[in-house]
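# Architecture and fold: a report
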Amino acid sequence: MSKIFIPSHRRKFSDMAKRKPDALKVVSGTARPDRMNADAPPANVGVAVAPKWLSERAEEIFFKLSATLLGMGIASPDDQAALAMLASRLEEIEICTGIIEDLGRTYSTTATSGDKLVRARPEVAMRNEAMRHAQSLLSDFGLNPSARSKVSAGKPAEVNPFAALDYK
């Protein structure tokens, strides 16, 4: 089946690619002043605090993600909600994967006619949806290989331990 061309003025908003945040454009070196929102509020610098509703495992994932973002130079406490959602989805993937590994991808049941039916476990679909959502969120933060290769955050200047010995 061939694709049908739809003119850009007839496309739905959902068909278009998501807009990359300006901070990621700056860090990746693709920022163009004519395409950036000059009135956009700047993100606060720092690490987000995990919300209380996260489970213990999701909180661990949250802090690992926060540390990774801090190391990349793009951490912000303003990202708490999105980071919490990502941590929760990654935990959901782990839980569903554990169930699938223990019980298998399918289960058997008997139809009203007496026939044996083999069906996919609901956890398979739940994990697939969580993986899709997590992949999207990881991309938003620049945390997958293709997004990471586009990010070139500046590294902090190294302190010379012998600077005090220099003659001036």
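You'll find the structure just up there.
A brief look at the structure comes next. None of these values were measured; they are calculated from a predicted model.

Analysis parameters
Residues numbered from 1 in each chain as written. Predicted model: local features only at pLDDT ≥ 70, side-chain atom pairs only at ≥ 80, totals over all residues. Heavy atoms only, no water. Core = buried A, V, L, I, M, F, W, Y, C linked by side-chain atoms within 4.5 Å. Buried < 20%, exposed > 50% of the residue type's maximum accessible area, 1.4 Å probe, protein only. Helix = DSSP H or I, 4+ residues; strand = E, 2+ residues; numbered from the N terminus. Contact = heavy atoms within 4.5 Å. Expected span 1.5 Å × (residues − 1). Lys, Arg positive; Asp, Glu negative; His and termini not counted. Salt bridge = Lys/Arg side-chain N within 4 Å of Asp/Glu carboxyl O. Phe/Tyr/Trp six-rings, centres within 6.5 Å; stacked < 30°, edge-to-face > 60°. Arc of directions from axis to C-beta.

### Quick word on the nonpolar core
- Counting residues in each nonpolar core, the largest one holds 23 residues, and the members touching the most others are F62, L65, L69, L83, L86 and L143.
- For this core, the elements supplying multiple residues, two or more each, are α2 (56-72), α3 (80-103) and α4 (122-140).
- It is α2 that provides the largest number of residues to this core, a total of six residues.
- Setting aside its immediate chain neighbours within four residues, L83 contacts A48, F62, L65, S66, L69 and F141.

### So, α3
- In a regular helix each residue adds 1.5 Å, so 24 residues correspond to 34 Å; α3 covers 34 Å between its end C-alpha atoms and thus fits that length.
- Those residues of α3 not exposed but buried are L83, A84, L86, A87, R89, E91, I93, C96, T97 and I100.
- Buried-residue contacts for α3 involve α2 and α4.

### What about the side chain of R127?
- With respect to the helices and strands, the residue R127 is situated in helix α4.
- In this structure, R127 is buried with no salt-bridge partner, the nearest side chain bearing the opposite charge being E101 at 6.2 Å.
- Apart from residues no more than four positions distant in its own chain, R127 is found in contact with I93, C96, T97, I100 and R105.

### Observations regarding the packing of aromatic side chains
- For the structure shown, the criterion picks out one aromatic pair.
- Both rings, one in F62 and one in F63, keep their centres 5.7 Å apart while their planes meet at 90°; by these two values the pair is edge-to-face.
- By relative accessible area, F62 is classed as buried at 0%.
- Residue F63 is classed as partly exposed on the basis of its relative accessible area, which comes to 40%.

### Section: the side chain of S76
- Looking at where S76 falls in the secondary structure, it is placed in the loop between α2 and α3.
- The residues contacting S76, other than those within four sequence positions of it, are A43, N44, G46 and A48.

### Observations concerning α2
- Compared with the 24 Å implied by 1.5 Å per residue over 17 residues, the 25 Å span of α2 between its first and last C-alpha is a close match.
- Buried residues of α2: A58, I61, F62, L65, S66, L69 and M72, and no others. Each buried residue of α2 lies within a common arc of 140° when the element is viewed along its axis, so the set occupies one face. Counted as exposed and oriented over 90 degrees from the buried face of α2: E56, K64 and G71.
- Buried residues in α2 make contact with α3.

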